[in-house]
Every structure is written in structure tokens, then in C-alpha cells.
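Architecture at a glance
These are the residues of each chain, in order.
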Amino acid sequence: MLKGVSIFLIGMMGSGKSAVGKALAQQIGYAYLDTDEVIQESMKMPITDIFEEHGEAGFRQVEAVVIQQVSPYVRTVISAGGGAVLNQENWGHMQNGLVVWLDPSVETIYERVKGDVSRPLLKVDDPKAMIESILRERKSLYEQADVQIGIEPEEGIEVVAFNTARGLTRFIEANPPKSAAHRPLGL
């Protein structure tokens, strides 16, 4: 049904993009790629160090290059960083595939990431308030995804991956690709 179209997972930090992405890729027979892992490998340092040495803007520049490079991939589930949606060019590249927003509650995100020192944007006095602020800033962008998957706290990774595959199927059924026979002449 997907015909090799890649899937981009977007959402807040702690939304489960990496874990769900791996499970989804296995369920549908796709490869898996995490843009944050690619960035760390190419920069030869953890993301926290990239933020410290190059700032968020430097990180976002490298992220944009990585998304551009992986966007033509086929049969791949690609987990994008939570802030990838802030760059309009990234959106353009992600349109080469289907975009899925993994959307747990702020409370669920907070429970997953509290105490995680590898999250540079949460090195603040009130991480939960920061999560709420970041989500407010990005929500209208996340909402532009082709598919939105709400995540309940008790749902396991395999369940969310299954729900994601089902959501993609429903999206494709509701939005079938236009075949050449249905296009106006000259297009």
C-alpha cells in the first residue's frame, strides 16, 4: 500500500519517535533511520555537546543538511528531531514521504524525559513548563502532518507502531494517489 514511500516521524522530544520508528519499520518491512543519530555520527559528538559548541542554530543547520540528504530515501522510516519542523525547507524535503506526528500529552512527555540530561532544551529550572512552551511554539507546525497519532500513557511501543501503520493505511485509503489516467492532459 505504501509503494516504497518513506515515512517521517515528527513530534516533541520524548514522544517516542525513535522507539516507535524502529518498531514500525520492523512491522512494515522498512529500514529505519534516526536523524539525531546521523547528526551525532557525522559531528562525532553527542547532541548535548553540539548544542554547547555550536548552539541550537548550528545544530539546526546540520539537521537541515541531514534531512535534505535522507529525504530521497525509499522504504525507510525516518525519525526527525523534534525541532525539525521549525525549518520550512525541512518540510519541503519531508514532503517526499508521508509525515506522521506522534502526539502524547505534555504529562506523558514530561514523565519520559524528566531527569534526562541528554536533552539540552530541558536544562532549565522548570522542564515541564519548557515542554509546554516548546509545544505551544511547534503545535501548529506538527498539525500539518499527514497523520496524527495520539498516544496514551499506557500504550506500549508495539501498539503505537501498529496504530501508526493503521493511521497511514487510513490516510492512503482516504487520499489515493492520482494515477496518470486521471490527470488532465499535459500534466
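For the structure itself, consult the block above.
Quick caveat, the model's predicted, so the values are computed rather than measured.

1. Some words on the nonpolar core
The nonpolar side chains of soluble globular proteins are, as a tendency, buried together. In this structure, Ile10, Met12, Trp91, Met94, Val99, Ile131 and Tyr142 are the most contacted members of the largest nonpolar core, which totals 33 residues. Counting residues per element, the ones that place at least two in this core are β1 (7-10), α3 (47-70), α4 (88-94), β4 (98-104), α5 (106-113) and α6 (127-142). With 7 residues, α3 is the largest single contributor of residues to this core. Those residues within four positions of tyrosine 142 in sequence are excluded, and the remaining contacts are Ile10, Gly11, Met12, Gly82, Val85, Trp101 and Leu135.

2. Focus: the environment of glycine 82
Structurally, the position occupied by glycine 82 is in the loop between β3 (76-79) and α4. Separated by 57 residues in the primary sequence, glycine 82 and alanine 25 place their C-alpha atoms 19 Å from one another. Residues in contact with glycine 82, not counting those within four places in the same chain, are Gly11, Lys17, Arg138 and Tyr142.

3. Quick word on the pattern of salt bridges
Enumeration according to the criterion identifies 4 salt bridges in this entry. Put simply, arginine 60 and glutamate 63 hold a salt bridge, and the shortest N to O gap is 3.1 Å. Here glutamate 63 and arginine 60 lie together in helix α3, a separation of 3 residues that amounts to about one turn. Glutamate 63 matches arginine 60 in its accessibility class, with the two residues each being buried. Between glutamate 111 and lysine 114 there is a salt bridge, with its nearest N and O atoms 3.1 Å apart. Here the residues in one salt-bridge network are Glu56, Arg60 and Glu63, joined through shared partners.

4. Focus on the sheet that holds strand β5 (residues 147-151)
The strands making up a sheet associate through backbone hydrogen bonding, with each pair oriented either parallel or antiparallel. Judged by pairing direction, the sheet is parallel, and its 5 strands sit side by side in the order β2-β3-β1-β4-β5 without closing on themselves. Strands with a single pairing partner mark the edges of an open sheet, and in this sheet they are β2 (31-34) and β5. Averaged over all neighbouring strand pairs, the angle between strand axes comes to 20°, with direction disregarded. Pairing of β2 with β3 involves 4 bridges; the strand directions are parallel. Residue pairing across strands places leucine 33 opposite isoleucine 78, the latter belonging to β3. Sheet contacts for helix α2 (residues 35-43): β2 and β3; angle to β2, the most-contacted strand, approximately 60°. The strands that helix α7 (residues 157-174) touches are β1, β4 and β5; relative to β5, the one it contacts most, it runs at about 150°.

Quick notes on the rules
Residues numbered from 1 in each chain as written. Predicted model: local features only at pLDDT ≥ 70, side-chain atom pairs only at ≥ 80, totals over all residues. Heavy atoms only, no water. Core = buried A, V, L, I, M, F, W, Y, C linked by side-chain atoms within 4.5 Å. Buried < 20%, exposed > 50% of the residue type's maximum accessible area, 1.4 Å probe, protein only. Helix = DSSP H or I, 4+ residues; strand = E, 2+ residues; numbered from the N terminus. Contact = heavy atoms within 4.5 Å. Salt bridge = Lys/Arg side-chain N within 4 Å of Asp/Glu carboxyl O. Pairing = 2+ DSSP bridges. Axes fitted to C-alpha atoms, helices over the stretch in contact; angles between N-to-C directions.

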